[in-house]
Amino acid sequence: MMKKMSIPTSKTSLVLFLCQIISALEVPLDSKLLEELSQPPTITQQSPKDYIVDPRENIVIQCEAKGKPPPSFSWTRNGTHFDIDKDAQVTMKPNSGTLVINIMNGGKAEAYEGVYQCTARNERGAAISNNIVIRPSRSPLWTKEKLEPNHVREGDSLVLHCRPPVGLPPPIIFWMDNAFQRLPQSERVSQGLNGDLYFSNVQPEDTREDYICYARFNHTQTIQQKQPISVKVFSMDSLNDTIAANLSDTDIYGAKPVTERQPVLLTPTGSTSTKVELRGNVLLLECIAAGLPTPVIRWIKEGGELPANRTFFENFKKTLKIIDVSEADSGNYKCTARNTLGSVHHVISVTVKAAPYWITAPRNLVLSPGEDGTLICRANGNPKPSISWLANGVPIAIAPEDPSRKVDGDTIIFSHVQERSSAVYQCNASNEYGYLLANAFVNVLAEPPRILTPANKLYQVIADSPALLDCAYFGSPKPEIEWFKGVKGSILRGNEYVFHDNGTLEIPVAQKNSAGTYTCVARNELGKIQNEVHLEIKDPTMIIKQPEYKVIQRYGQASFECIIKHDSTLLPTVTWLKDNDELPDDERFLVGKDNLTIMNVTDKDDGTYTCIVNTTLDSVSASAVLTVVAAPPTPAIIYARPNPPFDLELTGQLERSVELSWIPGDENNSPITNFVIEYEDALHEPGVWHYQTEVPGTQTTVQLKLSPYVNYSFRVIAVNKIGRSQPSEPSEQYLTKSASPDENPANVQGIGSEPDNLVITWEPLKGFQSNGPGLQYKVSWRQKDVDDEWTSVIVANVSKYIVSGTPTFVPYEVKVQALNDLGYAPEPSEVIGHSGEDLPMVAPGNVQVHVINSTLAKVHWDPVPLKTVRGHLQGYKVYYWKVQSLSRRSRRHVEKKILTFRGNKTFGMLPGLEPYSSYKLNVRVVNGKGEGPASPDKVFKTPEGVPSSPSFLKITNPTLDSLTLEWGSPTHPNGVLTSYTLKFQPINNTHELGPLVEIRIPANESSLILKNLNYSTRYKFYFNAQTSVGSGSQITEEAVTIMDEERLL
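None of the values given here were measured: they were computed from a predicted structure. (Residues numbered from 1 in each chain as written. Predicted model: local features only at pLDDT ≥ 70, side-chain atom pairs only at ≥ 80, totals over all residues. Heavy atoms only, no water.)

Colleague: Mind showing me how you'd approach the state of the cysteines here?
Modeller: Put plainly, two cysteines are in a disulfide when a covalent bond ties their sulfur atoms together. If you walk through the whole model with that rule in mind, you get six disulfides. There is a disulfide in this structure between Cys 162 and Cys 213, and the S-S distance comes to 2.0 Å. An S-S torsion of about -70 degrees defines the bridge between Cys 162 and Cys 213 as left-handed. Of this pair, Cys 162 sits in the loop between strand E13 (158–160) and strand E14 (172–176) while Cys 213 is found in strand E17 (residues 208–217), placing the two residues 51 residues apart along the sequence. (Disulfide = S-S within 2.5 Å. Helix = DSSP H or I, 4+ residues; strand = E, 2+ residues; numbered from the N terminus.)

Colleague: Help me understand the layout of surface pockets in this model?
Modeller: One simple way to see leftover space: roll a probe sized like a water molecule over the atoms. The space that makes up the second largest pocket amounts to roughly 390 Å³. Lining of the second largest pocket is provided by 13 residues; of these, Phe 180, Arg 182, Arg 216, Asp 787 and Asp 788 occupy positions nearest its centre. Breaking the lining of the second largest pocket down by element, the ones donating at least two residues are E14, E17 and strand E18 (222–225). Residue classes in the lining of the second largest pocket are distributed as five nonpolar, three polar and five charged. (1 Å grid on protein atoms, 1.4 Å probe; cavity = no way out; pocket = protein on both sides within 12 Å on 5 of 7 lines; lining within 4 Å. Points joined across faces, edges and corners; volume = space filled by probe spheres on them. Nonpolar A, V, L, I, M, F, W, Y, C, P; charged D, E, K, R; others polar.)

Colleague: Explain the nonpolar core here, please?
Modeller: Nonpolar side chains tend to gather and get buried jointly when the protein is soluble and globular. Grouped together as the largest cluster of nonpolar side chains are 30 residues, with contacts concentrated most on Ile 59, Ile 61, Trp 75, Ile 101, Tyr 116 and Ile 134. Looking at this core, the element that brings in the most residues is strand E9 (residues 114–122), giving three residues. Not counting the four nearest positions on each side in its chain, Tyr 116 is found in contact with Ile 61, Trp 75, Thr 76, Arg 77, Phe 82, Ile 101, Asn 130, Asn 131, Ile 132 and Ile 134. Among the nonpolar cores identified, the runner-up in size contains 20 residues, and Val 842, Val 859, Trp 861 and Phe 940 belong to it. (Core = buried A, V, L, I, M, F, W, Y, C linked by side-chain atoms within 4.5 Å. Buried < 20%, exposed > 50% of the residue type's maximum accessible area, 1.4 Å probe, protein only. Contact = heavy atoms within 4.5 Å.)

Colleague: I keep staring at the pairing of strand E65 (residues 757–763) and nothing clicks. Help me out?
Modeller: Looking along a regular strand, one sees the side chains alternate between the two faces of the sheet. Most of E65 sits inside the fold, with five of its seven residues counted as buried. Two elements, strand E64 (residues 746–751) and E65, share four bridges in a ladder whose sense is antiparallel. Bridge assignment links Ile 751 to a residue of E65, and that residue is Val 759. Remark: five residues form the turn of the hairpin made by E64 and E65, two consecutive strands paired antiparallel. (Pairing = 2+ DSSP bridges.)

Colleague: Is there a simple way to explain the pattern of salt bridges in this structure?
Modeller: Between side chains of opposite charge, pairing is possible as soon as their charged atoms come close. For the structure on display, the rule yields 35 salt bridges. Linking Arg 450 and Glu 36 is a salt bridge whose minimum nitrogen-to-oxygen distance equals 2.2 Å. In this pair, Arg 450 sits in strand E38 (residues 447–451) while Glu 36 sits in helix H2 (residues 31–36), placing the two residues 414 residues apart along the sequence. Residue classification places Glu 36 among the partly exposed positions, given a relative accessible area of 41%. The salt bridge partner of Arg 450 is Glu 447, with a shortest N-O separation of 2.7 Å. According to the relative accessible area criterion, Glu 447 is buried, its value standing at 14%. A cluster of three or more residues bridged by salt bridges with shared partners is formed by Glu 36, Glu 447 and Arg 450. (Salt bridge = Lys/Arg side-chain N within 4 Å of Asp/Glu carboxyl O.)

In short, the description is geometric, and any link to function would need to be established separately.
What follows is the structure, given as structure tokens:
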């Protein structure tokens, strides 16, 4: 009897999952096709799970979805149907599920608190949103209370309680005085996480009547204020004076002086406490101590180390902050408060729990009738989350039955699906700390084949080039594709064609006889469709007469030919280049149909001239060099630079302009082409001349624009083809009036030099740009995207200002405005800068290595979150090094190699590896400050390669008919040696080679005696080693057997 083989459920899931990967359909991103195919709903946008709304504004609960046909929407509120038609304050946006609750016209936000869920439904299924909890924000007033003044002895500890009203979300607490200035904090005085103000010991300067606790409710943009608290600190001297005034001379008095005290914890109390935090959150632990002198706080993790790059100390090290916590951060954290008199400690036992998080979220599945597939929903958390399934929003246990569906824990297995199996499934992973909800549809499509490539599409290629003919298709089940040539041609097969999975037909080398009509046929069990495309083969473009090298005398004529031959149906364009750039814009260059002519050549025409011929299908080029040489000497007129202009005169003096005139000097047989006007500022830069403007050689007057607060002098220089004249004598001086600056500094930048600063730099105005005395700059900055006012400071005539105490790498708006004794320049434009960078916090994760061959590997990694880069992302560095050779098992000095991949790249190639070796690598992210931490070392191994040649081959002990061969193993075996191959053949007196003999030798041998050789004969030997991959390079040697035995005596 035949036995039935049973397969465990887990293995069944794995087999079906692999089938899903192989058989699931992929729908092409063709807009017309996507419009026609039916598809279950997919939620594309929804409001957050915990949605706190402003009670003064309309409530908008988002729910957007797509599907074919377009889905309809419905809502539940607190688990029951929400009939929006019966509530005049609630409307749903057209073609959308988004609700708008009208609060601004009479509605009460409190009336709409609750749990909302959206359902998007069409004929193929129903998708549901998360449970969206709507709560209006609250910013209650402080409870009125009578606060008694605090009378404290100098050196004692003190706690000022804030006790803010309970708001939603919780308020931000800060302490200020009556002038709305923040109270200074230090190691001695600081605010706790609960908002209270702690004094480790009070000092006389702590006396004041306006300790005020403020609560800022960001959601409603309101600030509530507690009644001011009064603190009076009595020093020992004043207390003794008070006692003395009330006692007689015979009484003994005297309060004790300020005594030092060992530390005592103000918070937390006791010696131990517990703390539970969720995975991914920020862990905040606090220890604040009283004592005199002020205690210093230190933190450790018992039995381990504080996590590098995720640990920060705040509030003068009283707060330990660990970001992005994980289960590995659970444990005991010990804070110790210490001063010169002793210490006290507290242990906080931290447990990290985790709301559910995805391992494998279910993905949409598109199947054909009769196919199999799986939906997999895997999540983790602490405690382990429970998995439940819904079908179209209904628990699967009470959903309509589907014989093709079987639920196996976190997996739904589909077997032999039909169109009625289409549905949207929801996976809910939940534990006591939260839940995850994911929609994934199963869309069963029965579609006849469609060809998406346009009919009668024309392809044109150059002969002997590849031709790619498209046949984009879709159908369910997946159609089979066949190609035919001609109207009644047979099916195409053979090595001359390549058939791609996407339907494309490739002709690797298209010939003239490849031209014609090709038919693509797509068929499945539901039908057949075909499409014709046309292929034309064009002749290649050729330059049959190329430009030739030319040597031309100066002022001669040069001509280059470029005669072409091309396909008659293609329209060529001819372009000429000089030194790989456009031809000069000069009328001496004449471009004809088949040539380039240069008239009256000069030395600057030297260079390489290239003729480029382009068609729509190909491009060819040819180049030639032109060398210009001097013409024979001929008698010539003596030319010289012009004489300098003279008689400079200033007229029409105004505040911002003046007219300058002059008389030209002799031009010396070369016409003056232009005049250059320069100026000197005797007030700011005496003796330094600057370019002002220039005018044509026919002009002898010019209207000059002037700047305020400059003592001008002008001079004029004449220019002809020979050169420049000497400058003219300076004009008379003209001092313009002062004014406020016309412009602001250029090149304003904000770049931090340290993690907690912002260095603002600019190019100062030049002397004459100041427009008046007393030049200064107003430097302003504010943090971008934060509702802060500008902070400004006025500085002297410098080029830099440093803002300290900034957060690390945040954007700032920066501007710099010039001013002088007469006023400000126009409002400056703002630039965006960044405070200083710090080293990246985390290492790249999920580092994977794919070994491509024995010398090349590809490394992948996940990008780090941008917020952890803490600077400008410059790229990633891969450190890799060889650990050992697998053939020798010997270690060597580790030489680390580094490859840098710029930008946000997540993979790279590692070339030049040694075969059959073990390597390690790690990856680090790089910003402008430097490198972040290294990822854990990843070990990978390269496969075997072919060996190098044997290290030596020696031939000894020649006799009449034998030779002894000795050899050394390859320096680089690159694998496990399997054998050696020896080939040898005799060489006669005319150096002709005889028959070749081949011998295979075991890999463990190092010598061989060859016998039965011919006496007095020269032999040539070829020797190499093999691994399982193949043979390595060979080493050759020659040797001769002796003529007779007497030669050995």
